[in-house]
Amino acid sequence: MASKARPSLVGRRFLSVTGAIPPKLNKLYEWDWRAGWIRSSTSANAEDRELQLLLEFDELSWKDREWYTVYKQNPPEDKERKKDKEPEKEKKKKRRKTETDSEEEREEFQLFFVEDRLTVAHRPNSQGSSATTGTLYPALVFKPLVDKVDIFKTKKLPVEFLSDNKLVFQEYTHLKTITEWDPTIPGLAICNRSENEVKRWVEEGAGQRILLTTPSVLVGERVSVYRVEGTTQWYSAFIIGHNQETGEFTVTDDTVLEEHLENPEIVQMRILGEGVVQSILRGESVSVAPRRSRASAYRGPLKPRDKPTKETPSAASRVKSRRSSSATHSGKLKPRS
């Protein structure tokens, strides 16, 4: 199976540094690096200058997710919301902040990198590592969306290990891209945890490509969908239809038996079921008869939305129309105005 980057921004890891001015390149290890997950976006085009991303930071609860504008300065965070989040932030991570920093200044991305590909990187101090057992562990390398420091013109670039998200800096030219778990790689630390991490990363990427490129085979399958609006992080659903014009799936929520329209290009979705992704890749038929909601028996199918494009802001406007105007701990969010 060829190793490829995820086909959309959603579902990727990210690294970021914010501040009033670009940090000093010679103090790389002192930068206030923050990492997490991209859960939703307003556009499928990573170069869209109006691009906004729904970000979950590792040191915060998923309930503290926020929409961020990637290429422009973000408005200051609500003071009451910041006050509510502060205890958890202080407990999990001590963040550096100078006296001259203001809330407005810290909202501007000086660096914003997204997960690119899978590799194995040197980690000699990891438990179980030795010259005989191997010191290479699965890790991610990144590509820049914002790089005001020009770090990607230097040799030392960010590498994040899959096991614990530890961040180190190594030369990408020395790192080998891997396509699957291969125990014959010289120097590889052989362990079940690393093998499972690689298989999971590869399968999730393959699942995303199926959602985007061969969606018709998924009708009748179960998926997990990131809930951009609501008080729960994910919901599971059956796929009961797909609109080729808009790229959206019609899914039936398992819990409340309601139908939703979801686009895997702008909201994270995962295919559920052991072996389903691999069976589809082998060309095997795995679909079952779709489960219908009670509501669908009394009304027609949901009306499809306009098809998103990568050149126009229609995707952004459609996402905004689906979000609540609230941005509280209820979990209901909308992109920034």
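Described in the following lines is the structure provided in the data block. Remember, it's a predicted structure, so these values are computed and weren't measured experimentally.

### Section: the sheet that holds strand β10 (residues 222-226)
Pairing is antiparallel in the open sheet, where five strands are placed in the order β13-β12-β11-β10-β14. Sheet topology places β13 (259-262) and β14 (269-271) at the edges, where each strand pairs with a single neighbour. Adjacent strand axes in the sheet meet at a mean angle of 40°, parallel and antiparallel pairs treated alike. Contacts from helix α3 (residues 192-213) reach β12 (249-253) and β14, with the element oriented near 105° to β14.

### Let's talk about α3
Over its 22 residues, α3 extends 31 Å from the first C-alpha to the last, a length consistent with the 32 Å expected when each residue adds 1.5 Å. The complete set of buried residues in α3 reads S194, E197, V198, W201, V202, G205, A206, G207, Q208, R209, I210 and L211.

### Re the nonpolar core
Of all hydrophobic cores here, the largest spans 35 residues; its most connected members are W31, W33, L111, L118, I151 and V159. Put simply, the parts of the chain that give this core at least two residues each are β1 (13-18), β5 (109-122), β6 (136-147), β7 (156-161), β8 (167-171) and α3. Counting residues per element, this core draws most heavily on β6, which supplies six residues. Discounting chain neighbours no more than four positions away, the residues touching V159 are A121, A139, L140, V141, K166, L167, V168, Q170, Y172 and L175. In terms of nonpolar packing, the next biggest core, distinct from the first, is built from 22 residues, A206, V223, V228 and V251 among them.

The rules behind these values
Residues numbered from 1 in each chain as written. Predicted model: local features only at pLDDT ≥ 70, side-chain atom pairs only at ≥ 80, totals over all residues. Heavy atoms only, no water. Pairing = 2+ DSSP bridges. Helix = DSSP H or I, 4+ residues; strand = E, 2+ residues; numbered from the N terminus. Axes fitted to C-alpha atoms, helices over the stretch in contact; angles between N-to-C directions. Contact = heavy atoms within 4.5 Å. Expected span 1.5 Å × (residues − 1). Buried < 20%, exposed > 50% of the residue type's maximum accessible area, 1.4 Å probe, protein only. Core = buried A, V, L, I, M, F, W, Y, C linked by side-chain atoms within 4.5 Å.

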